Amino acid sequence: MRLRSLGIALSAVAALIALPATHPSAAAAETPLSQGRTATASSVENNGTAAGLAVDGDTGTRWSSATGDDQWFQVDLGGTAAVSRVVLNWEAAYGKDYKVQISADGNTWTDLKSVTGSDGGVDALDVSGQGRYVRMLGVHRATSYGYSLWEFQVFGTAGTGGTGCGTANAAQGRTATASSTENAGTPASAAFDGSTTTRWSSQAADPQWLQVDLGSVQDLCKIDLNWEAAYGKDFQLQASSDGQSWNTLKTVTGATGGTASYDVSGSGRYVRVLGTARGTGYGYSLWEVAVHTGSTGVPPVQGGGDLGPNVIVVDPSTPNLQHKFDDVFAKQESAQFGSGRYQFLLKPGTYNGINAQIGFYTSISGLGLNPDDTQINGDVTVDAGWFNGNATQNFWRSAENLAIKPSNGTDRWAVAQAAPFRRIHVQGGLNLAPNGYGWASGGYIADSKVDGTVGPYSQQQWYTRDSSVGGWSNGVWNMTFSGVQGAPATNFDNGPYTTLDTTPVSREKPFLYLDGSAYKVFVPAKRTNARGVSWPANAGTSLPLDQFYVVKPGATATTINAALAQGLNLLFTPGVYHLDRTLDVTRADTVVLGLGLATLVPDNGVDAVHVADVDGVRLAGFLIDAGSVNSDILLRIGTPGSTADHSADPTTMQDVFVRIGGAGPGLATNSVVVNSNNVVIDHTWLWRADHGSGVGWNTNRADYGLRVNGNDVLATGLFVEHFNKYDVYWAGERGRTIFFQNEKAYDVPNAAAVTHDGIVGYAAYKVADTVGTHEAWGLGSYCNFTADPSIVQAHGFQVPTTSGIRMHDLLVISLGGQGQYAHVVNSTGAPTSGTSTVPSKVTSFP
């Protein structure tokens, strides 16, 4: 940027001319709320272009970023304000596409305005929102330089929620921890008990810290310290929303002990005193710490509460229990695209003589900590009578955390995609086919024990993980196992079996249970090289329900985001939730758990869910249904360019399903994009609808199912179907997939519509040419080109041919001759067999 002095001068003159013409009152009389406030940025070009120079009221100084997209500039207004207008006075290096966003806490952001095609100069934007922090988030630069602003001005009304600094001590009686304690008589809690005769004291060393959990994110305005004789000379007062990433509110040097009050400005759930130098030869010792907060005028979102109208909680003495199951099944048996959502929760005990038939959007779960705590002497049944004995559309239902002793010795679970069977103890056999052995296209079992034999019969494919079975009787095309005791040996040359002795990384799905009369969510621990079920040992942690915002139908995205910003987890009760803004998950180890296939629908083209590049987020048990206006990404895990190592505590995505079309027109360029490293995708079905309402090559267009940019990502149980381009595009290094099921889009109008780079058809599973290491087991792709059966797709799989790429047990199939594959992977593998619906296989590639 040093070479653009003429452009800078011209831009400055243009800005001075243009600004009064656009908003004369803003330039001449109205002082921006942002002027002189604390500003930060993602980067700065050099020391002469610091962030604060864009809020100093001087159009001759500026902030400029490093070269690159995804840059941001942020200002702290000092308190909650109603923001009505934002003016950006660009230098010659301007943002072509960018967003203006607002936040209550500086972590969770809401879009105020999305700007595309800006021509620089002065952008004066009318907006409406409340918050403390406002930022410009750059998406695309207009030049080869970074972003540069002469001034960033925020206008509105200050103090819309503030009523000054409170006198109450928000920390009193709250949970406290410390880096160390001198002895058992000086615990961390003694500094927050309201008594000036008890104290916390540390070991005699630097540094030391004392921390308190306020229970939710608060606006912080003052911190009082009452030092014992062993005081801190140099220390920092810090705040955090998650207890891991800390912001410094105040740095104190040369303190002399005694009592002192410090005015601060910031927000957080956790507050700590970080001592860096002691004033004596002893440790640090505080009689009391008081934290004062300001009122925003908006009450915090409350955690806990009841589970809403569509959660049916029963026990063995519940009257007319069979009628309750039958009533829901009658509503849901054939309601493939309906709006009903139901969750049955069975309290621990023994249930005799029931048959729980499970229809669409219905889940059944036990409320014990172990499956055997909830004993059903009867059946949990899925059959296909509603569809003339064809089970290929038995989607969107689940069973979890139960013991079943089938009435005739064998339970029936005849399902297709998106119908998980988790933490189940079947005290007998399990039949995965419908009555009459019609077609079936499942499915998924995890963390389950089947004492008898599993009979897939007509099931085309199935994946079983970390379980035990008494036997496995047969299979059609692709039966894959990892970490399953009793699984059949690998036999892919002459049969359907791919078997791995263990699962490299796994962590079971969080689940709701009862601890006495209190609801809690159990969050299982990570396992490596797992084999067999995780219970009854149940390594993990329990979270009380008051740490969850229990989301019920009618909740808005604004409230849900506020709950996340407070540090709450989310428990979605059964329902359909329309989102007018993206849900932003920014705190490490946040749990987002759905009951009864809770469904999120992004409206007006927003993305549905964004997860920050943080450790250990658990996403589980919900459906994202694309809206009628195109979303860029329905679910994004990690920001673009994420680089952090999350191997110790990976984010997991389990039983999270995506649908584009079917319930009506739906549009999304990308279904799921994974940017973070070490993510575990454990059972997903990403489906561009081939039937239902709003279905057509462009009517429910969706180019990509899964895009993986992060490194060391593992997928176990990956079902992705019918996308307009690549179903899976994997660009991260060292990725692994155990089991993949795919059908190419039925409605390809002709070969020309999918011809690219001289290749007919987009591969179902594409590993980017830049990738050096990748491995996968048990992959199948099927074609059914009903719109043009003459299409011959080049291959099902496309990968670089290098020593680091290893693909095991791949197959392609032409379903009844409706189109063909020329090869299995790249140019290897025989073509499919005409109308015979016989797989073409490659056991090992290269």
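Every value quoted in this text rests on a predicted model; they were computed, and no experiment measured them.

Enquirer: How would you summarise the state of the cysteines if you had to cite specific residues and measurements?
Expert: One pass over the full model with this rule turns up one disulfide. Two residues, Cys 165 and Cys 221, share a disulfide whose sulfurs are 1.9 Å apart. The sign of the S-S torsion, about 80°, decides the handedness of the disulfide formed by Cys 165 and Cys 221: right-handed. With Cys 165 in the loop between strand S7 (148-158) and strand S8 (176-178) and Cys 221 in strand S10 (residues 208-227), this pair connects stretches of sequence that are 56 residues apart.

Enquirer: Explain the sheet that holds strand S53 (residues 792-798) residue by residue, including any values.
Expert: Pairing between the strands of a sheet is mediated by backbone hydrogen bonds and can be parallel or antiparallel. Here nine strands make up an open sheet; going across it, the order is S37-S39-S41-S43-S45-S47-S51-S53-S55 and the pairing parallel. Only two strands of the sheet have a single neighbouring strand rather than two, namely strand S37 (583-585) and strand S55 (820-825). Strand after strand, the sheet turns through a mean of 25° between neighbouring axes, direction not considered. Both S53 and S55 contribute to a ladder of four bridges, which runs parallel. Its bridge partner being in S55, His 795 is matched across the sheet by His 823.

Enquirer: An account of the pattern of salt bridges is needed here, citing residue identities and associated values.
Expert: Where side chains of opposite charge bring their charged atoms close, a pairing between them can arise. Under the criterion given, the structure shown has 31 salt bridges. Note that Arg 618 and Asp 649 form a salt bridge whose closest N and O atoms lie 3.7 Å from each other. Here Arg 618 is found in strand S40 (residues 618-625), whereas its partner Asp 649 is found in the loop between strand S41 (631-637) and strand S42 (652-660), with 31 residues between them in sequence. With respect to class, Arg 618 is no different from Asp 649; both count as buried. Across the salt bridge formed by Lys 766 and Asp 769, the nearest N and O atoms sit 3.0 Å from each other. Salt bridges sharing partners connect three or more residues here, namely Arg 422, Arg 465, Asp 466, Glu 508, Arg 527, Asp 655 and Asp 682.

Enquirer: I'd like a rundown of the nonpolar core, residues and numbers included.
Expert: Nonpolar side chains in soluble globular proteins tend to end up buried together. By size, the foremost hydrophobic cluster in this structure holds 81 residues, and its most contacted members are Phe 572 and Tyr 765. For Phe 572, the contacting residues outside a window of four places in its chain are Val 551, Ile 560, Tyr 577, Leu 583, Val 592, Leu 593, Gly 594, Leu 595, Ala 598 and Leu 600. Of all hydrophobic cores here, the second largest spans 37 residues; its members include Ala 356, Ile 358, Val 382 and Ala 399.

About the thresholds
Residues numbered from 1 in each chain as written. Predicted model: local features only at pLDDT ≥ 70, side-chain atom pairs only at ≥ 80, totals over all residues. Heavy atoms only, no water. Disulfide = S-S within 2.5 Å. Helix = DSSP H or I, 4+ residues; strand = E, 2+ residues; numbered from the N terminus. Pairing = 2+ DSSP bridges. Axes fitted to C-alpha atoms, helices over the stretch in contact; angles between N-to-C directions. Salt bridge = Lys/Arg side-chain N within 4 Å of Asp/Glu carboxyl O. Buried < 20%, exposed > 50% of the residue type's maximum accessible area, 1.4 Å probe, protein only. Core = buried A, V, L, I, M, F, W, Y, C linked by side-chain atoms within 4.5 Å. Contact = heavy atoms within 4.5 Å.

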